[in-house]
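A structural walkthrough
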Amino acid sequence: MRNNRAMTIVPHRVAVLAIDQVVGLDLGTPSQVFGTARTKDLRPLYTVDACTPGGRPVRSTAGYQVLPDHGLELVEAADTVVVPGIHGGPALTDGVLDPEVAAALRAAHERGARIMSICTGAFVLAAAGLLDGRRATTHWAYTDLFRRLHPAVDLDPDVLFIDSDDVLTSAGVAAGLDLCLHVIRTDHGSEVANRSARRCVVPPWRDGGQAQYIERPVPHRAATGTAGTREWARQRLHEPVTLRDLAEHARMSVRTFTRHFRSETGLSPAQWLLQERTDHARLLLETTDLAVDQVAHRCGFGTAAALRQQLRQRIGVAPSAYRRAFHRHP
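Residues numbered from 1 in each chain as written. Predicted model: local features only at pLDDT ≥ 70, side-chain atom pairs only at ≥ 80, totals over all residues. Heavy atoms only, no water.

**Comments concerning the side chain of His-150**
Our working definition: Only DSSP runs of H or I covering at least 4 residues are called helices, and only runs of E covering at least 2 are called strands; the numbering of each starts at the N terminus. Note on definitions: a residue-residue contact is assigned when non-hydrogen atoms from the two residues lie within 4.5 Å.
Its place among the elements puts His-150 in the loop between α7 (143-149) and β8 (154-155). Excluding residues that lie within four positions of it along the chain, His-150 makes contacts with Gly-95, Phe-123, Ala-126 and Ala-127.

**Some words on the packing of aromatic side chains**
We apply this condition: Aromatic rings from Phe, Tyr and Trp, taking only the six-membered ring of Trp, are treated as a pair when their centres fall within 6.5 Å; an angle between ring planes under 30 degrees marks them as stacked, one over 60 as edge-to-face, and anything in between as tilted. With a 1.4 Å probe rolled over the protein chains alone, any residue whose accessible area is under 20% of its type maximum counts as buried; one over 50% counts as exposed, and the rest are partly exposed. Here, a charge over a ring is recorded when the distance from Lys NZ or Arg CZ to the ring centre is within 6 Å and its angle to the ring normal is within 35 degrees.
On inspection of all chains with the given rule, the structure shows 5 aromatic pairs. Relative to Trp-272, the ring of Phe-261 has its centre 5.6 Å away and its plane inclined at 75°; by these criteria the two rings are edge-to-face. One end of the pair, Phe-261, is in helix α12 (residues 254-265); the other, Trp-272, is in helix α13 (residues 269-287), with 11 residues separating them in the sequence. For the residue pair Phe-261 and Trp-272, the accessibility class agrees, reading buried in each case. One aromatic cluster is present, built from ring pairs that chain together Phe-123, Tyr-142 and Phe-146. Against the face of Phe-261 rests Arg-230, its NZ or CZ located 6.0 Å from the ring centre.

**Some details on the sheet that holds strand β10 (residues 167-170)**
The pairing of strands in a sheet comes from backbone hydrogen bonds and takes either a parallel or an antiparallel form. Going by this rule: At least two DSSP bridges between two strands are needed for those strands to be called paired. Axes here refer to lines fitted to C-alpha atoms; in helices the fit is confined to the stretch in contact. Angles between the N-to-C directions go from 0 to 180 degrees.
Across the sheet, which stays open at both edges, the 6 strands sit in the order β2-β1-β5-β6-β10-β9 with mixed pairing between neighbours. What marks the edges here is a single partner per strand, and that holds for β2 (46-51) and β9 (161-163). Neighbour-to-neighbour, the strand axes of the sheet open up by a mean angle of 15°, direction not taken into account. Sheet analysis places strand β6 (residues 114-117) next to β10, joined by 3 bridges and oriented parallel. Bridge assignment links Ile-115 to a residue of β10, and that residue is Val-167. Here helix α2 (residues 24-35) sits on the sheet and contacts β1 (12-17), β2, β5 (80-83) and β6; the angle it forms with β2, its principal contact strand, is near 165°. The sheet strands contacting helix α8 (residues 175-188) are β2, β6, β9 and β10, and the helix crosses β10 at an angle near 145°.

**As for the packing of α12 against α13**
The relative placement of two packed helices is expressed as an angle between their axes plus a distance between the axes. Put simply, the rule is: To sort the angles, those under 35 degrees are grouped as roughly parallel, those over 145 as roughly antiparallel, those from 65 to 115 as roughly perpendicular, and the leftovers as oblique. The nonpolar class holds Ala, Val, Leu, Ile, Met, Phe, Trp, Tyr, Cys and Pro. Asp, Glu, Lys and Arg form the charged class, and all remaining residues, Gly among them, are polar.
Closest axis-to-axis distance for the α12/α13 pair is 9 Å, and the angle between their directions is 55°. Considering their axes alone, α12 and α13 lie oblique with respect to each other. From α12, Phe-257, Thr-258, Phe-261 and Arg-262 reach across to α13, where they touch Pro-269, Gln-271 and Trp-272. Split into classes, the residues belonging to the contact of α12 with α13 amount to 4 nonpolar, 2 polar and 1 charged.

**Observations regarding the pattern of salt bridges**
As a reminder of what qualifies: We define a salt bridge as a contact between a side-chain nitrogen of Lys or Arg and a carboxyl oxygen of Asp or Glu at a distance within 4 Å.
Taken as a whole, this structure holds 11 salt bridges when the rule is applied. We note a salt bridge from Asp-20 to Arg-59, for which the minimum N-O separation is 2.4 Å. Note that Asp-20 is positioned in the loop between β1 and α2 and Arg-59 in strand β3 (residues 58-59), a separation of 39 residues in sequence. Glu-231 is the salt-bridge partner of Arg-234, the closest N and O atoms lying 3.2 Å from each other. Note that Arg-234 and Glu-231 are positioned in helix α10 (residues 227-234) at a spacing of 3 residues, about one turn of the helix. Here Glu-231 falls in the partly exposed class, since its relative accessible area comes to 38%. Through salt bridges with shared partners, one network takes in Lys-40, Glu-191 and Arg-195.

**Here's the deal with the confidence of the model for the protein**
This is how it is decided: Values of pLDDT, which run from 0 to 100, indicate the predictor's confidence residue by residue.
On average, residues of the protein score 88 in pLDDT, and 90% of them are at 70 or above. Here residues 1-8 is a poorly scored stretch, pLDDT under 50, and it has 19 contacts once near neighbours within four places are set aside; other chains count. For the stretch residues 215-223, pLDDT sits under 50, and the model shows 4 contacts to residues farther than four places along the chain or on other chains.

**Quick word on the packing of α13 against helix α15 (residues 304-315)**
Following both chains from N to C, one finds α13 and α15 inclined at 100°, their axes separated by 11 Å at the closest point. The angle between α13 and α15 falls in the class roughly perpendicular. On α15, the residues touching Leu-274, Gln-275, Thr-278, Ala-281, Arg-282 and Leu-285 of α13 are Leu-307, Gln-310, Leu-311, Arg-314 and Ile-315. Residue composition of the contact of α13 with α15, by class: 6 nonpolar, 3 polar and 2 charged.

**With respect to the pairing of β5**
Residues Thr-80 and Val-82 point to one face of β5 and Val-81 and Val-83 to the other, with burial holding for every one of them. Both β1 and β5 contribute to a ladder of 3 bridges, which runs parallel. Each bridged residue has a counterpart across the sheet, and for Val-16 the counterpart in β5 is Val-82. The pairing of β5 with β6 spans 4 bridges and is classified as parallel. When the sheet's bridge partners are listed, Val-82 is paired in β6 with Met-116.

**What to know about the environment of Arg-195**
Among the structural elements, Arg-195 can be located in helix α9 (residues 190-200). Counting along the chain gives 44 residues from Arg-195 to Glu-239, while the straight-line C-alpha distance between them is 29 Å. Arg-195 has contacts with Arg-38, Thr-39 and Lys-40, leaving out every residue within four places of it along the chain.

Shown next as structure tokens:
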């Protein structure tokens, strides 16, 4: 139902809810990314507006105040509500939220609006009670504090974002871009999302998760990167590439390659390869008329049955159902 609303001629309404100590970059991300999502004849697919409690000015962490055009009534009418990160205030330090803001977020969720957070905006959603019993993420540096304040939330700090259908959370700063592009891809398909990514001069998606960005001691020896081997593997998704093949291309032992690969991407080589093959299969289902068994062969799954199994496991639908929902004729 949510996706169908987003695909109508009327633009999908996005409300960006800012509270005191809002992160400036996070505040601007939804407007920038969703604002680039347009049809081929340049009709906007989203409208994005900012609001604050009572329409009052709030302080940003970038040295300026935000003077919005709207109050919380915008949240009452929005199809999607985005909460940017914060770098201070009781929601972050004590897990306490203004009751008026909490009530507005809960009411929006209850009527079916999609709720999103960027970075430490997850603290706001958690303080409103929207993440209890859910899997969620936030910036890795705030993991211990978040778990202490919100033990009922299933926190996963190793991913860039988590889509729980009606409540979505993302990691720090740039992961807000990843999440917004993911939402565009979910609502309108890869072609529209890829155009938005090009307009924003960012990749349509990033490999791995937050694990690759977590601070670690600098190794005594410089490690040889695996980026070249990942690109080599992407060109051979239709082939039965093995872990030994990858290690040999990188000129490492299997053990050393696996360690470096996980350090750089946050995933094992097998997990990463499966993710790449699944993403490529989704793109082919969206943008071509190839039969499902042909898609499976081109992506290295071998059989249509194997492709069906992976799609059902990762996104919960069969290839035919996915194509009906997201196919875009070239």
